[in-house]
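Residues per chain, in single letters:
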Amino acid sequence: MSLASALGFIPARKVRYAFVALGDITQEAMLPGVAHTGNSEVVAFVTGDPEKSQGIGRQYGVTESYGYEQFGELIASGKIDAIYIATPNWRHAEFAIPALEAGIHVLVEKPLEVSAAKCREILDVAERSSAKLMVAYRLHFEPATLATIDLIRSGKLGTLLTFTSTFTQMVSPENHRAGSGIEAGPIFDMGPYPVNAARYVFGSEPTEVVSAVGVRHPEAGLGDFDDTVAVTLRFPGDRLAQFVLSYVGNTLDTYTVVGTKGSMEVNPGYMYGKSLAHTVTIGESKTHETFKNTDHFGGELRYFSDCILNDRDPEPDGEEGYADVRVLEGIVEALKTGSPVRLEPLTRVRRIDPEAQRQSLRAKASPELVNTSNPGKGKDKVPKN
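Values in this document were obtained by computation on a predicted structure and should not be read as measured data. (Residues numbered from 1 in each chain as written. Predicted model: local features only at pLDDT ≥ 70, side-chain atom pairs only at ≥ 80, totals over all residues. Heavy atoms only, no water.)

A.B. asks: Lay out the overall build of the chain in plain terms, naming residues and giving numbers.
C.D. replies: The number of helices and strands found in the chain is 13 helices and 15 strands. The C-alpha radius of gyration computed for the chain amounts to 20 Å, which stays within 12% of the reference 21 Å derived for 385 residues, consistent with globular compactness. By its C-alpha atoms, the chain is 55 × 45 × 40 Å across when sized along the principal axes. Accessible area for the chain stands at about 15800 Å²; split by element, carbon and sulfur atoms hold 50% of it. If you average the places of the 39 positive and of the 49 negative side-chain charges in the chain, the two averages end up 5 Å apart. (Helix = DSSP H or I, 4+ residues; strand = E, 2+ residues; numbered from the N terminus. Rg over C-alpha atoms; globule rule 2.2 N^0.38 Å. Areas by Shrake-Rupley, 256 points an atom, 1.4 Å probe, with all protein chains shown as cover. Lys, Arg positive; Asp, Glu negative; His and termini not counted. Charge placed at Lys NZ, Arg CZ, Asp CG, Glu CD.)

A.B. asks: Please set out the sheet that holds strand β11 (residues 248–259) residue by residue, giving values where relevant.
C.D. replies: Here we have 9 strands laid out as an open sheet, ordered β14-β13-β12-β11-β7-β10-β9-β8-β15, and mixed in their pairing. Each edge of the sheet is formed by a strand with only one pairing partner; in this case those strands are β14 (285–290) and β15 (341–342). Here strand β13 (residues 277–282) pairs with β14 via 6 bridges, running antiparallel. Bridge pairing in β14 places Thr 281 opposite Lys 286. Contacts from helix α9 (residues 192–202) reach β7 (160–170), β9 (228–235), β10 (239–246) and β11 within the one sheet, and its direction differs from that of β7 by about 160°. (Pairing = 2+ DSSP bridges. Contact = heavy atoms within 4.5 Å. Axes fitted to C-alpha atoms, helices over the stretch in contact; angles between N-to-C directions.)

A.B. asks: Please give an account of the pattern of salt bridges that cites residues and values.
C.D. replies: Under the defined criterion, the tally for this structure stands at 22 salt bridges. Between Glu 205 and Arg 199 there is a salt bridge whose closest N-O contact spans 2.7 Å. Between Asp 317 and Arg 348 there is a salt bridge, with its nearest N and O atoms 2.7 Å apart. With a gap of 31 residues between them, Asp 317 in the loop between α10 (296–309) and α11 (318–337) and Arg 348 in the loop between β15 and α12 (354–362) connect regions that are remote in the sequence. Each member of the pair, Asp 317 together with Arg 348, is buried. In this structure, a network of salt bridges that share partners links the residues Arg 199, Glu 205, Asp 317, Glu 319, Glu 320, Asp 324, Arg 348, Arg 350 and Arg 351. (Salt bridge = Lys/Arg side-chain N within 4 Å of Asp/Glu carboxyl O. Buried < 20%, exposed > 50% of the residue type's maximum accessible area, 1.4 Å probe, protein only.)

A.B. asks: Go over the pairing of strand β8 (residues 208–215) with me, naming the residues and quoting the values.
C.D. replies: Note: β8 against β9, 7 bridges, orientation antiparallel. Each residue of the ladder has a partner; that of Val 215, found in β9, is Thr 228. Two strands pair when backbone bridges link them, and β8 and β15 are joined in this way by 2 bridges, in the antiparallel orientation. Paired with Val 209 across the bridge in β15 is Val 341.

A.B. asks: An account of the packing of helix α6 (residues 116–128) against α11 is requested, with residue identities and associated values reported.
C.D. replies: α11 packs onto α6 with a crossing angle of 170° between their chain directions and a minimal axis gap of 9 Å. In terms of their interaxial angle, α6 and α11 are classed as roughly antiparallel. Contacts between α6 and α11 involve Ala 116, Cys 119, Arg 120 and Leu 123 on the former and, on the latter, Gly 318, Glu 319, Tyr 322, Val 325 and Glu 329. Of the residues assigned to the contact of α6 with α11, the class counts are 5 nonpolar, 1 polar and 3 charged. (Parallel < 35°, antiparallel > 145°, perpendicular 65-115°, else oblique. Nonpolar A, V, L, I, M, F, W, Y, C, P; charged D, E, K, R; others polar.)

Set out below in structure tokens:
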């Protein structure tokens, strides 16, 4: 062991990853973030486009490439410790389940899957596996989000009443999501952000989808799904969460929390590639704070690798992914029926621990990870899977 490793400046070994699917989020965000982790390396790609794999492989020094049909060969090869899954949402179980069965750790993009039943299949396998499962909730490691949780838990906003959010982006008809049905539409693609935010703001699970209203704009040229959706959720304690999602609106990602003593607006609230910011009002006193831009993707990858290397259970685990998908599934049902949908009771004991997340990111991390980074070349990046 080198002196630097012995002193804890670099990890004794790195977790070897295969990245499954080479779409935008892999190329623009996760691959650039690997260099900031210090404990992770990419050794293989899994893709349906060998030519793309060769080009990206030259850029990142990755020579191993497998087709989707060769995935079983890869996980049996002994060449990898973990995978990162960034396929379309409805193909997550296809790769997560055999990897977990083979003892390969899995970091999967949100949503965990597109149905509660599929999520349960993944969770059942994860329960029996020696491997770890984490859902890529990158905002669980982001400074503005952690500060939001700190403020809410401090009680300074008083008794919380409402959560409201608007999350919109323009999606081109040429984008693969435009022709892939409701599973690729805004509910599953963007919905995890406000649903997850409302859950960590209120610290509880919604009991009912009170209403869900969808609109289709033919001029947008999108597929057979509602391109704009408005949702109301009921939480215990007479608290309400309302949000709008859209594939045809100018980019906006913001949420507001209102309590009996104060309120907080987070704007921007979900994107990467730009600093997130708070405006906090306590009584009549108003303050504004902008947080340093950080590499969300390098942060979550470093955290997951740290959990693997030190045998710790990751916080945004499979059940966290299931907790959101059960709500998204309820929204889809409410859209179909035009009626409220009661959600099955769920007790989620584990919540974000802001200080633990901060400590994990500070420990042996590169400056780019904890201060500022440039995935996406400095442009505002709206989340997309």
